[in-house]
Amino acid sequence: MRNRVVVYACCAALAFLGLVSPLAAETGDKQLRFGLLYSSPTDDFTDGDLTTELDSALGFLVGFEFHVTDMIGIEPTLSSTSFDLSVTGPFPTGTGDTDLMALTVNVNFHFPRDSGLDLFVGPAVGYAFWDDINQDDFADAEPTDDEFLFGINGGLDLPLGESDWSFNAGLSYLFLDLTAEGSSESIGVSPFQLRVGVTYNF
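Residues numbered from 1 in each chain as written. Predicted model: local features only at pLDDT ≥ 70, side-chain atom pairs only at ≥ 80, totals over all residues. Heavy atoms only, no water.

Caption draft 1: Examining the nonpolar core more closely. The biggest cluster of nonpolar side chains holds 16 residues, and the ones touching the most others in it are Leu 54, Leu 100, Trp 130 and Leu 178. Contributing elements (two or more residues each) for this core: β5 (72-88), β6 (94-112) and β7 (118-130). If one sorts the elements of this core by residue count, β5 sits on top with three residues. (Core = buried A, V, L, I, M, F, W, Y, C linked by side-chain atoms within 4.5 Å. Buried < 20%, exposed > 50% of the residue type's maximum accessible area, 1.4 Å probe, protein only. Helix = DSSP H or I, 4+ residues; strand = E, 2+ residues; numbered from the N terminus.)

Here it is, written out as structure tokens:
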């Protein structure tokens, strides 16, 4: 899909930089996280009696974190989510869909516990690559603009026994809109995102 090759290349480059960075911590201070993502938009666009919004959706993500100190990590993350779109009002409801590929970089501040539980929180910045909006009542897709995004990210890693694997869960909030190409109006998205998955520590 549009721009995905660029996104994958950027993510791979960031991960490679993390592996070779002279600031990276010793072995055992890098994590590969992947899992499922539940994205729930909190905003919309209202024009008169019509409201356009994105529905909650499932997606997936993968991230690579390298520690620059024992308590601070940098985590490039790539996520993909497919949203249904609805238009509601006094007339019959319109529907459609669009996909979001987001490349974010989280700065994680870690607060480890003696039990091995690792809590972290920090800011996130990135770029949202939106696909075209496909509306069921229109033959032609509507092009969209890509957007910068920012937000806050938090999570935890819970070790699974003595292995290198951990259970991972987290919550983030992103400031993000969806804008049709050339339009001055945006559909508010700004989702809460809940994620669950696993972490490999190395």
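Caption draft 2: Geometry of the sheet that holds strand β12 (residues 177-180). In space, the three strands of this open sheet follow the order β9-β12-β13, with antiparallel pairing throughout. On the outer flanks of this sheet lie β9 (144-145) and β13 (186-188), each paired with one strand and no other. As paired strands, β12 and β13 are joined by three bridges and run antiparallel to one another. Counted as the bridge partner of Thr 179 is Ser 186 from β13. (Pairing = 2+ DSSP bridges.)

Caption draft 3: Highlighting the packing of aromatic side chains. Across all of its chains, the model carries eleven aromatic pairs by this definition. Ring geometry for Phe 150 versus Phe 175: centroids 4.8 Å apart, planes at 20 degrees, classification stacked. Taken together, the residues span a long stretch of sequence, with Phe 150 in strand β10 (residues 147-159) and Phe 175 in strand β11 (residues 165-175) at a distance of 25 residues. An aromatic cluster of at least three residues, connected via ring pairs, comprises Phe 34, Phe 64, Phe 66, Trp 165, Tyr 200 and Phe 202. (Phe/Tyr/Trp six-rings, centres within 6.5 Å; stacked < 30°, edge-to-face > 60°.)

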